[in-house]
Amino acid sequence: MIHFEIKRDEPLKPFTTFKVGGPAACFAGAATREDFLAALRFARDERLAVFVLGGGSNILVSDNGFPGLIIHPVHRAVAIEAAENQKVMLRVEAAETWDNVVGRAVAEGLYGIENLSHIPGQSGAAIVQNIGAYGQQISDVFASATVMQARSGNVMKLSAADCGFGYRKSIFNSSAKNEFIILQLELALNRHGTPDLRYPDVRNYFNERAIESPSIQQVREAVIQIRDRKFPFPREEKGGNAGSFFKNLVLHEAEFKVLRDNIRRNFSAAESERLEQIRKRPGADGAVKVPTAFLIEICGLKGYREGGARVNEAQPLVLLNDGGATAQDVLTLAGFVRRTVYARTGMTIELEPELVGFTLKEVEKHLVVE
Ligand SMILES: Cc1cc2nc3c(=O)[nH]c(=O)nc-3n(C[C@H](O)[C@H](O)[C@H](O)COP(=O)(O)OP(=O)(O)OC[C@H]3O[C@@H](n4cnc5c(N)ncnc54)[C@H](O)[C@@H]3O)c2cc1C
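Residues numbered from 1 in each chain as written. Predicted model: local features only at pLDDT ≥ 70, side-chain atom pairs only at ≥ 80, totals over all residues. Heavy atoms only, no water.

(A) Fine view of the packing of aromatic side chains. Per the counting criterion, the structure on display carries 9 aromatic pairs. Both rings, one in Phe172 and one in Phe180, keep their centres 6.2 Å apart while their planes meet at 80°; by these two values the pair is edge-to-face. Of the two residues, Phe172 and Phe180, both sit in the buried class. For the ring pair Tyr304 and Phe336, a centre distance of 4.4 Å and an interplane angle of 10° mean the geometry is stacked. Taken together, the residues Tyr304 in the loop between α9 (292–298) and β16 (305–306) and Phe336 in helix α10 (residues 327–345) connect sequence positions 32 residues apart. In this structure Phe336 comes out as partly exposed when scored by relative accessible area, which is 30%. (Phe/Tyr/Trp six-rings, centres within 6.5 Å; stacked < 30°, edge-to-face > 60°. Buried < 20%, exposed > 50% of the residue type's maximum accessible area, 1.4 Å probe, protein only. Helix = DSSP H or I, 4+ residues; strand = E, 2+ residues; numbered from the N terminus.)

(B) Structural context of unusual backbone geometry. Although it is not a glycine, Asp9 sits at a positive phi angle of roughly 50°. The topology assignment puts Asp9 in strand β1 (residues 7–11). Residues other than glycine seldom take positive phi values, yet Asn178 does so here, at roughly 65°. Take Asn178: it is sitting in the loop between α4 (160–163) and β12 (180–190). By relative accessible area, which is 54% here, Asn178 ends up exposed.

(C) Seen up close, the environment of Leu360. Position of Leu360 among the secondary structure elements: in helix α11 (residues 360–367). Along the backbone, Leu360 and Pro120 are 240 residues apart, and their C-alpha atoms lie at a distance of 28 Å.

(D) Looking closely at the nonpolar core. Core analysis: the biggest nonpolar cluster contains 45 residues, and Leu90, Trp98, Ile113, Ile138 and Phe172 have the highest contact counts within it. Elements represented by at least two residues in this core include exactly β7 (87–93), α2 (98–107), β10 (142–149), β12, α5 (200–208), α6 (216–230) and β18 (318–321). Leave out the neighbours within four places in its chain, and Leu90 touches Val78, Ala79, Ile80, Val101, Ala105, Leu110, Leu185, Glu186, Leu187 and Leu189. Among the nonpolar cores identified, the runner-up in size contains 40 residues, and Val311, Ala325, Val330 and Leu331 belong to it. (Core = buried A, V, L, I, M, F, W, Y, C linked by side-chain atoms within 4.5 Å. Contact = heavy atoms within 4.5 Å.)

(E) Spotlight on the site of the ligand. Taken together, 34 residues surround the ligand, and among them Val52, Gly55, Ser57, Arg227 and Glu354 come closest. With respect to the ligand, the backbone of Gly55 contributes an N or O atom lying 2.6 Å from an oxygen atom. At a separation of 2.4 Å, an oxygen atom of the ligand approaches a polar side-chain atom of Glu354. Mapped onto the shell around the ligand, the elements with two or more residues apiece are β3 (50–52), α3 (123–126), β8 (132–133), β12 and β13 (240–244). (Near = heavy atom within 4 Å. Polar contact = N/O pair within 3.5 Å; in protein donor to acceptor, adjacent residues only side chain to side chain.)

(F) Geometry of the sheet that holds strand β17 (residues 309–311). With respect to topology, 4 strands assemble into an open sheet ordered β13-β18-β17-β16, the strand pairing being antiparallel. Strands with a single pairing partner mark the edges of an open sheet, and in this sheet they are β13 and β16. With 3 bridges joining them, β13 and β18 adopt antiparallel strand pairing. Following the sheet pairing, Asn241 is matched in β18 by Leu320. Contacts from α10 reach β16, β17 and β18 within the one sheet, and its direction differs from that of β17 by about 30°. (Pairing = 2+ DSSP bridges. Axes fitted to C-alpha atoms, helices over the stretch in contact; angles between N-to-C directions.)

(G) Focus on the environment of Gln315. Summarising the element assignment, Gln315 is placed in the loop between β17 and β18. Sequence spacing of Gln315 and Ser244 is 71 residues, and the spatial spacing of their C-alpha atoms is 8.6 Å. Aside from chain neighbours lying at most four places away, what touches Gln315 is Lys230, Phe231 and Ala293.

Below is the structure:
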C-alpha cells in the first residue's frame, strides 16, 4: 500500500502531456477515500487552493506552477458485471487510464466506447468535459459517478441528469466546478451493437479497404490509426500537446450568417463553398457544427510558430510543444490564433484545456480578442 504523503515543490511538467509548466507548491497522490479526506483537510488548514490532476492531458500549467495543493488520484481498476437488457456494467476507478477501459471493453466485445479509443487521460476526468470523438461521447454510456464533495467530504452518487452533460461540458467544468472529486464511474455498455461509422474519416478507412461490416476490434484499430496522425498520442519522447486546444463552434442561424458573410467578404469562393458543405452535415437542434480547424486553416495559421510552440499542420486545432516550449509561448500562440480568427471570420473561439496557475492579468493580456 502507498503511504499518503504531501510533497513540496513537485515539478508538474512530467504529469502533463504538454510537458510545460512549473512546480506545484504541494502535491499528494490519493488512493483511498481517507487519502482524499486527509488532502482536503490539509488544504483547508493551510488555506490552499486545490486542483485535482488526472493524466494532465487537458490542461496548460503556468511557467510559475500552481501555488496550491494538487490532488492526484492513483487507484486504478476496472470491474465488469452483467446488467439488465443485454447491458454490461463497467465499474471504473477514477485513476484508471481511459484507453485501458476502451481496450478492455473491446476485448470483451462490448459496444459503446470503441470510437473513443486513444483519448489520453484518466477515466474520472473523462466525464469532466464529456469526452467525445468520431460520433461517440462518454455521456451516451454513462450510468453513474461516485463523487466526494470537496467542501464536506461526503460521498454521493450522481446520475447522468445530475451531471448536466453537453458538448465538452458537464457540471464539473461549469456550474459545480471544483465542488466534487470523481472517485468512480459506472458505464453501461452493450453486448450487441453495430459499429458507428458515421464519421467520414472512419467510413473512408473501411471503404478504402473494402470492409463492409468491420468488427469492433477493427473499429478501434481504425480510430487509433486515424487519430495518431492528427492528435499525436503522448509518448515519452520530447515535445507534447493537449489534444484540441480550441473547441469546435456550434452555431445557430444568426451566428452562422455572420460567419458566412465574413467568409464571403474576406476569402475566396472556394472557402465559401467549403462552408456550405459543412452546413450540410447533420447537426443537433438545427445548429451547425463548424470545425474550428477549418477557420484556423483558411486564416493561413497551419505551422505558425511562437517560440517552441507551433500550430500542428496535420490538425490545426492542436498546438504542439516542439520540445522547448514555455507556457508563455503556448498562451501567446493561442492568443494570436484567437485574434486572427476573430479579425477575419468574426468568430470567438474558446480554449478547450484548462489554464492552471495563471493570473487573470496574464490570461487577459494574451487571450482577449477585441
Ligand atoms: C493527444 C490528445 C488527444 C485528445 N483527444 C481528445 C478527444 O478526441 N476528445 C476529447 O474529448 N478530449 C480529447 N483530449 C483531451 C483529454 O484527453 C481529455 O479531456 C481527458 O479526459 C482529460 O483527462 P486527464 O486525466 O488528462 O485530465 P486532466 O487534464 O488531468 O484534467 C482535466 C480536468 O479534469 C479535472 N479532473 C481530473 N480528474 C478529476 C477527478 N477525479 N475529479 C474531479 N475532477 C477531475 C481537472 O481538475 C481538470 O479540470 C485529447 C488530449 C490529447 C493530449
